[in-house]
Amino acid sequence: MSTSSNNVREGILVGCGNPLLDISANVPMNFLDRYQMKEDDAILAEDRHMPIYRELVDGYQAEFLAGGSVQNSLRIAQWILGQPRVAVFFGCVGEDDYAQRLKEKAAAAGLDVHYQVNRGQPTGTCAVLITGTHRSLCANLAAANHFTIDHLEQPANKALVDNAKYYYISGFFLTVNPPSIMHVAETAHAKQRPFLMNLSAPFISQFFMAPLMAAMPYVDIIFGNEAEAHAFATGQGWPTDDLREIGKRIVGLEKLNPSRPRIAILTQGCDPVLLIQKDSVEEFPVTRLAVHEIVDTNGAGDAFVGGFLSQFVQGKSLDVCIRCGNYAAGHIIQNPGCTYSGSPQFVE
Ligand code: 26A
């Protein structure tokens with residue numbers, strides 16, 4: 001039985017992020033070596049990475065898939081909810097075929113997208129290098145990097161932000177437009193509504209710690225995987241590599257609204273998900289798939305958040321939210337990129 005429900009208000013969830021078209025292919029390890037990339041990492045493309053995209057298309061059987069971390073999560077939330085336009089997405093694209101493809105995929109998923117369009121830049125892409133059960137991401141943000149806060153200030157978009165009840169922004173978006181993040185965070189705070197963020201990638205804590213810490217006091221729920229949590233701890237100078245301890249320290253960081261203590265949700269691949277609250281750490285087991293069942297792990301973390309959000313916006317318990325996150329991640333890794341097949345089978 002699927003959890004198709006029709007009682008969630010339209011536009012209840014707003015997300016901001018980088019709309020990217022993923023160019024995904026299986027590659028040998030030496031491909032990563034040549035570009036000095038690491039398995040299961042995510043980076044911003046520098047000049048020396050620019051040939052990757054052509055190389056994937058010309059030399060490997062590259063697939064084009066809708067991507068972008070927040071947009072992935074929201075598409076998955078929509079799929080599980082089975083009710084259109086619950087989630088609204090903001091991000092910046094170019095005026096090209098890739099933007100059209102992203103828009104079609106988002107609409108097919110029921111997502112209500114309101115892209116800012118930058119006519120001088122192509123839509124962003126992300127190289128997804130698959131090596132067995134690992135993936136390495138290299139994002140060329142292009143138009144996505146040109147998102148500006150005035151898009152959120154346009155009356156129709158402002159109304160969408162004001163009317164939402166839940167807000168989700170990736171750490172990745174810190175590389176693009178911190179003022180927009182702060183604007184959404186402040187709106188959430190003023191209205192006493194949950195603001196959720198993601199650590200997104202180790203490089204965010206390495207190079208964007210200042211804007212991340214500016215947003216942190218607003219963050220009610222923070223998501224991350226083990227590598228991201230370790231990078232955050234290193235960035236903070238915390239003398240520990242114990243994930244539980246790191247989680248406890250994250251939830252203990254300054255918070256503007258102390259009546260709603262921060263929650264950290266840390267994933268660790270096929271090891272249990274940790275739910276860390278002020279006075280407790282709980283584990284949620286993950287169903288381990290056989291290697292032959294895995295198509296690729298691209299989008300697993302995003303799908304986890306998408307599954308979580310699909311229940312969270314229905315006011316379900318954290319336990320149900322996390323179990324749905326695990327369900328969604330397990331489904332997505334059995335499909336190419338962050339795509340799904342059939343109807344959702346999550347049973348509460
Ligand atoms: C700023 N960066 C590096 C990024 C991304 C990103 N989404 C937003 N910003 N780097 C990779 N992704 C997306 O992450 C998904 C997998 O989790 C990819 O597009 C991919 O779909």
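As the structure is a computational prediction, the values presented were derived from the model and not from experiment.

Draft legend 1. Inspection of the overall build of the protein at higher detail. Secondary structure summary: the protein contains 13 helices and 14 strands in total. Relative to the globule expectation of 20 Å for 348 residues, the C-alpha radius of gyration of the protein, 19 Å, shows essentially globular dimensions. With the C-alpha coordinates of the protein rotated into their principal frame, the extents come out at 55 × 45 × 45 Å. Positive and negative side-chain charges in the protein, numbering 26 and 36 respectively, have mean positions lying 6 Å apart.

Draft legend 2. Seen up close, helix H11 (residues 243–252). Considered for burial, the residues of H11 that qualify are Leu243, Ile246, Gly247, Ile250 and Val251. Seen end-on, H11 carries its buried residues on one side only, within an arc spanning 130°. Where the residues of H11 are buried, they touch strand S11 (221–225), helix H10 (226–236), strand S12 (263–268) and strand S13 (271–277). The distance from a side-chain oxygen at the start of H11 to the backbone nitrogen of Arg244 is 3.1 Å, and the residue carrying that oxygen is Asp242.

Draft legend 3. Quick peek at the environment of Gly237. Looking at the element boundaries, Gly237 is found in the loop between H10 and H11. By relative accessible area, Gly237 is classed as exposed at 55%. In this structure the C-alpha to C-alpha distance between Gly237 and Thr297, which are 60 residues apart in sequence, comes to 30 Å.

Draft legend 4. Representation of the nonpolar core within the structure. Counting residues in hydrophobic clusters, the biggest one holds 56 residues, and the most contacted among them are Phe195 and Phe232. Ranked by residues supplied to this core, first place goes to helix H7 (residues 178–190) with five residues. Look past the residues within four positions of Phe195 in its chain and what remains in contact with it is Tyr167, Ile169, Ile181, Val184, Ala185, Ala188, Tyr218, Val219, Asp220 and Ile221.

Draft legend 5. Local environment of the UniProt feature "active site" (unreviewed entry) in the protein. With numbering matched to this structure, UniProt assigns "active site" (unreviewed entry) to Asp302. Within the element layout of this structure, Asp302 appears in helix H12 (residues 300–312). We classify Asp302 as buried; its relative accessible area is 14%. Not counting chain neighbours up to four residues away, the residues in contact with Asp302 comprise Ser69, Asn72 and Ser73.

Draft legend 6. Region of the structure containing the sheet that holds strand S6 (residues 112–117). Strands sit in the order S6-S5-S1-S9-S10-S11-S12-S13-S14 across an open sheet of nine strands; the sheet is mixed. The open sheet has two free edges, formed respectively by S6 and strand S14 (280–284), since each of these has just one partner strand. On average, each strand axis in the sheet is inclined to that of its neighbour by 20°, with strand direction left out of account. As paired strands, strand S9 (residues 166–170) and strand S10 (residues 195–198) are joined by four bridges and run parallel to one another. For Ser170, the partnering residue across the bridge sits in S10 and is Asn198. Along the sheet, H11 makes contact with S11, S12, S13 and S14, crossing S13 at roughly 30°. In the packing of H12 onto the sheet, the strands contacted are strand S1 (13–16), S9, S10, S11, S12 and S13, and the crossing angle to S11 comes to about 155°.

Draft legend 7. Representation of the UniProt feature "domain: Carbohydrate kinase PfkB" (unreviewed entry) in the protein within the structure. The residues that UniProt annotates with the feature "domain: Carbohydrate kinase PfkB" (unreviewed entry) are residues 40–341. Helix makes up 41% of residues 40–341 and strand 23%, and the two end C-alpha atoms of the span are 24 Å apart.

Draft legend 8. Structural view of the site of the ligand. Around the ligand, the structure places 19 residues, and the nearest of them are Asn18, Asp22, Gly68, Asn72 and Asp302. A distance of 2.9 Å separates a nitrogen atom of the ligand from a polar atom in the side chain of Asn18. In the model, an oxygen atom of the ligand is placed 2.5 Å from a nitrogen or oxygen of the Asp22 side chain. Starting from 460 Å² of accessible surface for the ligand in isolation, the protein chains cover 98%. Listed by contribution, the elements that provide at least two residues to the shell around the ligand are strand S2 (20–26), strand S3 (42–44), helix H3 (69–81) and strand S8 (134–140).

Draft legend 9. Highlighting the pairing of S13. Sheet topology note: the S12/S13 ladder contains four bridges and is antiparallel. Its bridge partner lying in S13, Leu266 is registered against Leu274. Two successive antiparallel strands, S12 and S13, enclose a turn made up of two residues, where Gly269 displays a positive phi of approximately 55°. Hairpin connection of S13 to S14: two residues between the antiparallel strands.

Draft legend 10. Molecular detail of the side chain of Asp112. Along the chain, Asp112 turns up in strand S6. Sequence-distant contacts of Asp112, that is, excluding residues within four places in its chain, are made with Arg85, Ala87, Val88 and Phe89.

Draft legend 11. Region of the structure containing the packing of H10 against H11. Orientation of H10 relative to H11, taken along the N-to-C sense of each, is 60°, at an axis distance of 10 Å. Regarding H10 and H11, the two cross each other, and that crossing is left-handed. Residues Glu226, Ala229, His230, Phe232 and Ala233 of H10 pack against Leu243, Ile246 and Ile250 of H11. For the contact of H10 with H11, the per-class residue count stands at six nonpolar, one polar and one charged.

Quick notes on the rules
Residues numbered from 1 in each chain as written. Predicted model: local features only at pLDDT ≥ 70, side-chain atom pairs only at ≥ 80, totals over all residues. Heavy atoms only, no water. Helix = DSSP H or I, 4+ residues; strand = E, 2+ residues; numbered from the N terminus. Rg over C-alpha atoms; globule rule 2.2 N^0.38 Å. Lys, Arg positive; Asp, Glu negative; His and termini not counted. Charge placed at Lys NZ, Arg CZ, Asp CG, Glu CD. Buried < 20%, exposed > 50% of the residue type's maximum accessible area, 1.4 Å probe, protein only. Arc of directions from axis to C-beta. Contact = heavy atoms within 4.5 Å. Polar contact = N/O pair within 3.5 Å; in protein donor to acceptor, adjacent residues only side chain to side chain. Core = buried A, V, L, I, M, F, W, Y, C linked by side-chain atoms within 4.5 Å. UniProt positions renumbered as here; feature names shortened; annotations may be inferred. Pairing = 2+ DSSP bridges. Axes fitted to C-alpha atoms, helices over the stretch in contact; angles between N-to-C directions. Near = heavy atom within 4 Å. Areas by Shrake-Rupley, 256 points an atom, 1.4 Å probe, with all protein chains shown as cover. Left-handed = near helix turned anticlockwise from the far one by under 90°. Nonpolar A, V, L, I, M, F, W, Y, C, P; charged D, E, K, R; others polar.

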